[in-house]
Amino acid sequence: MTSAQEKPPAPEPVLREDRLDFTPTARSVSLSRRRTARLVREWGYPGLAGDAALLVSELATNALLHGAIRGRLFRVHLTLSAATLRIAVSDPRGERLPGLREAGDDECYGRGLVIVERIADHWGVEPRTVGKTVFAELALRQRPDMPMGPHEVVRAGPSRTTTPR
């Protein structure tokens, strides 16, 4: 079998999954952020809860600002496998694809995907029959010599707690 004929690797089995549709309102962004943080902690990855909440917040805000259509919901889909936490947000506007850009100092918007790029181990866009899905993935660190989550800082202090950036 030549490399052009090789099959892509099979997707990892899903260990945990959550999918919920939200109305395109600002309140839904904070609801999705809190729900994501709670679920990631419950799934055994408290060190990733802050990064996951920030990622879903940025992706949901983009869906609200750039992907909303009156009367149509956006979906937040969390998937946990043995190696990855995937955060996917789908909206009905497939013609409006996201892209990285440099925001001016005086601009209030335009930094969301830069934040996603810095925090996520991988991110991208997938077309749907109607709309698009923007996803971000966090690699799960399981070895004792690797901190959980790509962006943890250990702060010295009385309790020696680990705090996500």
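As the structure is a computational prediction, the values presented were derived from the model and not from experiment. (Residues numbered from 1 in each chain as written. Predicted model: local features only at pLDDT ≥ 70, side-chain atom pairs only at ≥ 80, totals over all residues. Heavy atoms only, no water.)

J.: Can you lay out the packing of aromatic side chains for me, pointing to particular residues and giving the numbers?
T.: Between two aromatic rings, the relevant description is the distance of the centres plus the angle of the planes. A complete count under the given rule lists one aromatic pair for this structure. Each ring, one from phenylalanine 22 and one from phenylalanine 74, has its centre 5.7 Å from the other, and the planes form 25 degrees; the classification is stacked. Of the two residues, phenylalanine 22 is situated in strand 1 (residues 16-22) and phenylalanine 74 in strand 2 (residues 74-80); the sequence distance between them amounts to 52 residues. With a relative accessible area of 7%, phenylalanine 22 lands in the buried category. Phenylalanine 74 gets classed as buried once you look at its relative accessible area, which sits at 2%. Cation over ring: arginine 86 sits above phenylalanine 135, and NZ or CZ is 4.1 Å from the ring centre. (Phe/Tyr/Trp six-rings, centres within 6.5 Å; stacked < 30°, edge-to-face > 60°. Helix = DSSP H or I, 4+ residues; strand = E, 2+ residues; numbered from the N terminus. Buried < 20%, exposed > 50% of the residue type's maximum accessible area, 1.4 Å probe, protein only. Lys NZ or Arg CZ within 6 Å of the ring centre and 35° of its normal.)

J.: Mind laying out the sheet that holds strand 3 (residues 84-91), listing which residues take part and the relevant values?
T.: Pairing is antiparallel in the open sheet, where five strands are placed in the order 1-2-3-5-4. Each edge of the sheet is formed by a strand with only one pairing partner; in this case those strands are strand 1 and strand 4 (122-127). In this sheet, neighbouring strand axes are inclined to one another by 15 degrees on average, regardless of whether the strands run parallel or antiparallel. Here six bridges tie strand 4 to strand 5 (residues 132-139), and the two strands are oriented antiparallel to one another. (Pairing = 2+ DSSP bridges. Axes fitted to C-alpha atoms, helices over the stretch in contact; angles between N-to-C directions.)

J.: Please set out the pattern of salt bridges residue by residue, giving values where relevant.
T.: A full pass over the atoms with the stated rule returns seven salt bridges. In this structure, the salt-bridge partner of arginine 75 is aspartate 21, at a minimum N-O distance of 2.7 Å. Of this pair, arginine 75 sits in strand 2 while aspartate 21 sits in strand 1, and the two are 54 residues apart along the sequence. Where glutamate 126 meets arginine 86, a salt bridge forms, and the shortest distance between an N and an O atom there is 2.9 Å. You can see glutamate 126 sitting in strand 4 and its partner arginine 86 sitting in strand 3, a full 40 residues away along the chain. One salt-bridge network, held together by shared partners, links Arg86, Glu126 and Glu137. (Salt bridge = Lys/Arg side-chain N within 4 Å of Asp/Glu carboxyl O.)

J.: Let's hear about the packing of helix 2 (residues 49-66) against helix 3 (residues 112-119): which residues, and what values?
T.: Relative to each other, helix 2 and helix 3 sit at 150 degrees, their axes nearing to 9 Å. Judged on the interaxial angle alone, helix 3 and helix 2 are roughly antiparallel. Considering how the two elements wind past one another, helix 2 and helix 3 form a crossing that is left-handed. Only Gly112, Leu113, Ile115, Val116 and Ile119 of helix 3 make contact with helix 2, whose side of the interface consists of Asp51, Leu54, Leu55, Glu58, Leu59 and Asn62. Looking at side-chain class alone, the contact of helix 2 with helix 3 contains seven nonpolar, two polar and two charged residues. (Parallel < 35°, antiparallel > 145°, perpendicular 65-115°, else oblique. Left-handed = near helix turned anticlockwise from the far one by under 90°. Contact = heavy atoms within 4.5 Å. Nonpolar A, V, L, I, M, F, W, Y, C, P; charged D, E, K, R; others polar.)

J.: An account of helix 2 is needed here, citing residue identities and associated values.
T.: Look at helix 2: 25 Å from first C-alpha to last across 18 residues, which is about the 26 Å you get at 1.5 Å a residue. Inspection of helix 2 places Ala49, Asp51, Ala52, Ala53, Leu55, Val56, Ser57, Glu58, Leu59, Ala60 and Ala63 among the buried residues, and these make up the whole buried set. Next to the buried residues of helix 2 lie helix 1 (26-42), strand 2, strand 3, helix 3 and strand 5. (Expected span 1.5 Å × (residues − 1).)

J.: I'd like a description of the nonpolar core, backed by residues and values.
T.: In terms of nonpolar packing, the biggest core is built from 32 residues, with Leu55, Leu59, Leu85, Ile87 and Val116 touching the most fellow members. At eight residues, the largest contribution of residues to this core is made by helix 2. (Core = buried A, V, L, I, M, F, W, Y, C linked by side-chain atoms within 4.5 Å.)

J.: Can you lay out the packing of helix 1 against helix 2 for me, pointing to particular residues and giving the numbers?
T.: For any two helices packed against each other, one specifies the crossing angle of their axes together with the interaxial distance. Their axes nearest at 8 Å, the elements helix 1 and helix 2 cross at an angle of 155 degrees. Judged by the inter-axis angle, helix 1 sits roughly antiparallel to helix 2. Read as a crossing pair, helix 1 and helix 2 show a hand that is right-handed. Contacts from Ala26, Val29, Ser32, Arg33, Thr36, Ala37, Val40 and Arg41 of helix 1 reach helix 2 at Ala49, Ala52, Ala53, Val56, Ser57, Ala60, Thr61 and Leu64. Tallied by class, residues from the contact of helix 1 with helix 2 come to ten nonpolar, four polar and two charged.

Read these as spatial facts, not as claims about activity.
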